Amino acid sequence: MTDKTDAVIVAGARTAIGTAFKGTLRDTSAMELAEVVVSAVQKRSGLDVSQVDDIILAESNYGGGDIARHAAVVLGMPQVPGQALNRHCAGGLTAIGNAAGQIISGAERAIIAGGVQSLSTSPVQTWRTPGTVDQFAEKWMPPTHPNTAEAPNMDMSITVGWNTAKEVDLTREEMDAWAVRSHQRAVAAIDAGTFDAEIVPVQALQADGSREEFAVDEHPRRDSSLEKLSGLKVLHPEIDGFSITAGNASGMNDAAAAVMVVGSDLAAQQGLPVLATVKAWAATAIDPALTGLAVLDVIPKVLDRAGISVADVALWEINEAFAAVPVAACKKLGIDESLVNVSGSGCSLGHPVAASGARMVISVMNELGRRGGGYAVAAMCAGGGQAGAVVLEVPDSRT
């Protein structure tokens, strides 16, 4: 054990985000995506392989296993154990929080933490058909909560999108406008090279066996407009007043993202540049039917733990699993929407489930450093009524 230290981030990397099933990463496995970012983070950190104590990677809907351990072995780090974590959408944030806790406790000195998601290659599990002995014909996904009419465990458009919109009295126009702005901000960020430094290229396997370098987020739509979104059909026309569409929801995506979390003492000893200090992290949960509203609980909790208020936060990332979530958070918590998702989020960049939290941390950390530093918050709801959040204190990277 060592004396108490702060948990700081000294490196981060992510892949570009692919559109699942039809995008550039459709034939690239989660294991390969993990190897790319873990290797990049280790090299960018300046730490030797022998100094890495653990790898914590969130993974969701990937059928079990331990992708973090897989990456460690492939990358020549057999001494690093590797840990799989699942908190669905909030898994990447939880991985970073867990890493910070181990660092602060003195149990470890350097941990790679993040998440990986390949919806394109996730195995399809089957469930024995009720009433039969050996017929496994029904597709099945391990649920986060019991399936009910008000909280279907396979339809987030209801538990995250629609139920949030009803509870906070959001209009479709509000959600569509947020989604369009998300695309506009993401496209502007891509064109400005905002993400260039954080993205590590992937040599993505193609159907013909060749490899294609993939280094630019491909999900944002340059032609997105209110007119186009207003013309989309709602996802559940049988539900009176339903306002959730594919346009004001996130995409299905593939990506990986991770950061190197170390003790501030180690960073000082080795002259490592501190990109952010992890000041606080939290998780909460509410009734699964109200999943989208879980951010309204986790944000106050994590701010209280950090000893700050909404007014102290310079930049926010509130995941757009559905546009209803950040719109509701801004309305109910008094958050300035101009400071939220300034380079796009789930509706535009996409939502590679287990990787999104780490992607959000990397993006907001880098952007706030360019703006002069301060406090940043990354928060998101997660399947089954859960939510996660992290508070960062970011130094001015301009000096």
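Keep in mind the model is a prediction, meaning the values are calculated, not measured. (Residues numbered from 1 in each chain as written. Predicted model: local features only at pLDDT ≥ 70, side-chain atom pairs only at ≥ 80, totals over all residues. Heavy atoms only, no water.)

Some remarks on the pairing of strand S9 (residues 211-214)
For step 1, the next point in the chain: Where strand S8 (residues 202-205) lies against S9, four bridges are found, and the strand directions are antiparallel. Paired with Gln203 across the bridge in S9 is Glu213.
For step 2, the next point in the chain: The antiparallel pairing of S8 with S9 creates a hairpin that spans five residues between the two strands, and Gly209 there sits at a positive phi of about 90°. (Pairing = 2+ DSSP bridges. Helix = DSSP H or I, 4+ residues; strand = E, 2+ residues; numbered from the N terminus.)

Description of the packing of helix H5 (residues 172-192) against helix H9 (residues 324-333)
For step 1, the next point in the chain: One way to put it is that H5 packs onto H9 with a least axis distance of 9 Å and a crossing angle of 105°. Judged by the inter-axis angle, H5 sits roughly perpendicular to H9. Residue-level contacts link Glu174, Met175 and Trp178 of H5 to Ala324, Pro326, Val327, Cys330 and Lys331 of H9.
For step 2, the next point in the chain: Looking at the contact of H5 with H9 residue by residue, the classes come out as six nonpolar, no polar and two charged. (Axes fitted to C-alpha atoms, helices over the stretch in contact; angles between N-to-C directions. Parallel < 35°, antiparallel > 145°, perpendicular 65-115°, else oblique. Contact = heavy atoms within 4.5 Å. Nonpolar A, V, L, I, M, F, W, Y, C, P; charged D, E, K, R; others polar.)

Quick word on the pattern of salt bridges
For step 1, the next point in the chain: With the rule as written, the count across this model stands at 14 salt bridges.
For step 2, the next point in the chain: The partner of Asp223 in a salt bridge is Lys228, and the shortest N-O contact between them spans 2.9 Å.
For step 3, the next point in the chain: Taking the relative accessible area as the measure of exposure, Asp223 reaches 44% and is therefore partly exposed.
For step 4, the next point in the chain: Classification of Lys228 by relative accessible area gives partly exposed; the value is 46%.
For step 5, the next point in the chain: Residue Glu317 is joined to Arg359 by a salt bridge in which the shortest nitrogen-to-oxygen separation is 3.5 Å. Here Glu317 is found in strand S12 (residues 313-318), whereas its partner Arg359 is found in helix H10 (residues 356-371), with 42 residues between them in sequence.
For step 6, the next point in the chain: On the basis of relative accessible area, Arg359 is assigned to the buried category, the value being 4%. (Salt bridge = Lys/Arg side-chain N within 4 Å of Asp/Glu carboxyl O. Buried < 20%, exposed > 50% of the residue type's maximum accessible area, 1.4 Å probe, protein only.)

Topic: the packing of aromatic side chains
For step 1, the next point in the chain: Taken as a whole and judged by the stated rule, the model has one aromatic pair.
For step 2, the next point in the chain: Taken together, a centroid distance of 5.2 Å and an interplanar angle of 45° make the contact between Trp162 and Phe242 tilted. Taken together, the positions of Trp162 in helix H4 (residues 156-168) and Phe242 in the loop between helix H6 (226-230) and strand S10 (253-263) put the pair 80 residues apart, joining distant regions of the chain.
For step 3, the next point in the chain: Looking at Arg14, its charged tip hangs above the ring of Phe195, at a distance of 4.8 Å from the centre.
For step 4, the next point in the chain: Against the face of Trp178 rests Arg181, its NZ or CZ located 4.7 Å from the ring centre. (Phe/Tyr/Trp six-rings, centres within 6.5 Å; stacked < 30°, edge-to-face > 60°. Lys NZ or Arg CZ within 6 Å of the ring centre and 35° of its normal.)

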